[in-house]
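Coordinate analysis (summary)
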Amino acid sequence: MSIDIKIRKGLQLNLKGAAENIVKQAPQTNNYALKPTDFHGVFPKLLLKEGQKIKAGEPLFFSKYQDKIKFVSPVSGTLKEVQRGAKRKILNLFIEADSKQSSIKHKLPKQEDITSEQVRELLLASGNWPYIKQRPYDVIADPDRSPKAIFISAYATAPLAADFDIVLDGQQEAFQQGIDMLGKLAPKVHLSISSKSDSFLSTIKNCDIHRVNGPHPAGNVGVQIHHIDPVNAGETVWTVGAEDVANIGRFFLNGTYDASRTIAVSGSPVAQPSYYKTTIGASIDAILKDAEVDQSIPIRIINGDVLTGVSVAQDSHLGYYNNNLSVLPEGNRYRMFGWLPFVGSSIHSMSNTSLSWLFPKRVYAPDTNMNGEERALVVTGEMERVFPMDIYPMQLLKACMSEDIEKMENLGIYEVAPEDFALIDYSSSSKLEAQAIVREALDLMIKEVG
Amino acid sequence: MMKLREKLDQLKKPFAKGSKWERFAPAVNAFDTFLFVPNHTTHKGAHIRDAVDLKRTMVTVIIALVPALLYGIYNTGYQYFIQTGEAFTFIDAFLHGAMKILPMIAVSYGVGLAIEFAFAVYRGHEVNEGYLVTGLLIPMIMPVDIPLWMVGLSVAFAVLIAKEAFGGTGMNILNPALTARAFAFFAYPTYMSGNKVWVSEASNVDGVSGETILGSLASGAEVNYSMFEMFSGAIPGSIAETSTLWVLVGAAILIFTGVGSWRIMLGSVLGAAGMGFLFNLWGANALMDFSWVNHLIVGGFAFGVVFMATDPVSAAQTQKGKWIYGILVGVLCILIRVFNPAYPEGVMLAILLMNVFAPTIDHYIIEGNINKRKKRSLKTAKVQTA
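Because the structure is a prediction, the values reported are computed rather than measured. (Residues numbered from 1 in each chain as written. Chains lettered and ligands numbered in written order. Predicted model: local features only at pLDDT ≥ 70, side-chain atom pairs only at ≥ 80, totals over all residues.)

Residues and elements named next belong to chain A. Ala-154, Ala-162, Val-245 and Val-265 are the most contacted members of the largest nonpolar core, which totals 128 residues. Sorting elements by how many residues they give to this core places helix α5 (residues 242–254) first, with 6 residues. Here Ala-154 is in contact with Phe-164, Leu-168, Leu-191, Ser-192, Ile-193, Leu-201 and Ala-242, once residues within four sequence places are set aside. (Core = buried A, V, L, I, M, F, W, Y, C linked by C-beta atoms within 7 Å. Buried ≥ 20, exposed ≤ 12 C-beta atoms within 10 Å, placed from the backbone. Helix = DSSP H or I, 4+ residues; strand = E, 2+ residues; numbered from the N terminus. Contact = placed C-beta atoms within 7 Å.)

Turning our attention to the domain arrangement of chain A. Residue and element names in this part refer to chain A. Domain boundaries assigned for chain A yield domain 1 (2–21 + 121–254), domain 2 (31–97), domain 3 (268–329) and domain 4 (372–448). Its C-alpha centre places domain 1 at a distance of 24 Å from the equivalent point of domain 4. Counting residues at the interface gives 19 residues for domain 1 and 17 residues for domain 4. At 4 residues, helix α4 (residues 221–228) tops the list of elements feeding residues into the side of domain 1 that touches domain 4. (Domains from an automatic or database assignment.)

Before going further, it helps to examine the sheet that holds strand β2 (residues 23–25) of chain A. Residues and elements named next belong to chain A. One open sheet holds the 6 strands; their spatial order is β2-β17-β16-β20-β18-β19, and the pairing between them is mixed. The two strands at the open ends of the sheet, each matched to only one other strand, are β2 and β19 (310–312). Along the sheet, successive strands turn relative to each other by an average axial angle of 35°, direction set aside. Here strand β16 (residues 260–266) pairs with strand β17 (residues 274–279) via 6 bridges, running antiparallel. Bridging across to β17, Ser-260 finds its partner in Thr-279. (Pairing = 2+ DSSP bridges. Axes fitted to C-alpha atoms, helices over the stretch in contact; angles between N-to-C directions.)

Now for the domain arrangement of chain B. Residues and elements named next belong to chain B. Under the domain assignment used here, chain B contains domain 1 (17–34 + 57–203 + 231–260) and domain 2 (261–375). Taken over C-alpha atoms, the centre of domain 1 sits 22 Å from the centre of domain 2. Domain 1 puts 25 residues into the contact, and the matching count from domain 2 is 20 residues. When residues in the side of domain 1 that touches domain 2 are grouped by element, the largest group, 6 residues, is from helix α11 (residues 244–257). When grouped by side-chain class, the residues that make up the side of domain 1 that touches domain 2 number 15 nonpolar, 8 polar and 2 charged. (Nonpolar A, V, L, I, M, F, W, Y, C, P; charged D, E, K, R; others polar.)

Summary statistics for chain B give a mean pLDDT of 88 and a share of 96% for residues scoring 70 or more. Predicted complex metrics record ipTM = 0.92 and pTM = 0.92. (pLDDT = per-residue confidence, 0-100.)

In structure tokens form, the structure reads like this:
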């Protein structure tokens, strides 16, 4: 069954350095790290000590408030170092990989008569559970609850985002297996694909396929949920990343935890933007060198896309969820009289106070400059232009800022995640930090409402 | 350019974090950021940002105001010379107007920005650019002969009471520029109405009648201006409100750049035209008989609707709300003009009144959205229990 969703509001940004359709094997590395900070709201409780040997799929830590959720090592090797930050918060678990990999093998029941309970237990025991996130709150799914549906978006619209037709190429069997197993956990599984997709995705069975078309954020799973089956107060839906579905599928085919990651390395300082097959937590240094990133200018490396990702150091490691590794030039520069209307149209603007609208096809190479300073909220109507949901974004953000829980509920906080507000960050003339505001509000809701 | 930048950075050192004059950094930054867009980079949220900022938005409004302001300066001189009967050139008229109006602008910016800077330093935030527009609007909607100290007092009242008391830029209920005018109007009525204030130095010229058109109508006098004069603006009135033509140029800039809401503008014109048309049909007195087309081009209607009603902070903020708000501004403006001859110019009070009601309009529109969500929630709950 195929249903079409057409999104009109939003923004399709064409940026320089989009990954070409070349998939390479990432350079070998034995340097891995798992970042507990990738799992929002999780307080890690370590299970191992520095120097201990681990296998791939062996638990490294669990969540203090939900001890069923285990976080496992993506590779086998030695837990080299536990890096801690302020208040002894764990930032990185560095793992030195062995040259010969060995994994923990789980015993799988027969495919045909596997039950919902068995799927749940296996996902939790094997460390696959963190792949599953939930709405409301955009955190790892609560294993004690049952969702009304599971949503998977295999359509990425963010600037420079990896194309899932390329990422998932050759993973059809695993992906179908993943969908089948997730189907045991919820009454319905929804898969959204690009309306232009001609890959195997349109032939996937045992789920509702939605063909989505439109500018960013049409590919955001939150926008799709809103148009398919919105989250009401008290309801839960789960979301799984498209490649993570294949990883879950491979687990149910082989019995071993799979941390495969295909990433698009992109951005204007990247000379050879392309796709790399690698593993969660792999060191990014070698990949950046292979992609010939221009090191002569100050650059910012981002785990994720340029709107929602996390800035990381050059010697850092891949994040848990991202299919993108974006590189931007830093924007630490002054622009004389840059605030004048119609001046500096080489910087993209959604507003007609710039002439960039004259060139809709133009490819931009933005840097990380704020292009202004934070100000009071004055202009109205601009947030609605990039927010394709039946929600009043400015009113919701104001409710979040004033921590008015009842108002947030009324205005639809349960349906949104920070990433849905990324384009508001981008286009706000008041330079509002909308994603940060929503994240804080969601954390407040977790604490107060649960 | 880099030389200048280095020099500025040197000058700014005493205002840096942890330095002696740290508290006054917002005041210094306000000047610095006008020379250079700062080098701040994103540190949370989206890593790239749109080129637009509040400064650019506000400067666009100022650019849109310039045509009406220049014409207002010329018209001030023009009205003066035709009343005195002296021979004059375009330059004479323009210079006369400039001599009158530039001091008013200087006073408005001086007083207003001083208060804004003080509050920015006191509250520890950057100076918002909103006052750049307000500070220019205030002299533009005053009668030309108003004493400068009244301009200063009105500005102080508007910024302190209408804006800062509510929390500053973005929080005010009433449009600050109109509040300044309303303050002057009620505090010093003799300087704000009658037939001696609208033409430069009219009180010193014998036998001059510088009544505005709406004033004449309200007092039952004849109107001796052609429609073209009303449209082009060669009539007595507040400084920059008279020329519908140049206000329309400003409107075009605001609509093209998307800075001003076309919904509010169109709504107001429709509301006023409709109300004016109804009164034309009724036609019980001279004011009701005044053609609905003329209602749109005389007085401050065009100026108020384009530059005041569209103030995003004090207007309705939802799209549907903007339509309702705009239409009601138009309707109320004509109602006040026709039914209350004590206030010949209805647009100021119409906009202020709708400023007060705008949050209520938005409230009901958002309530509709909330109810829709609640209904959806109940419906799915029913399906589940059934």
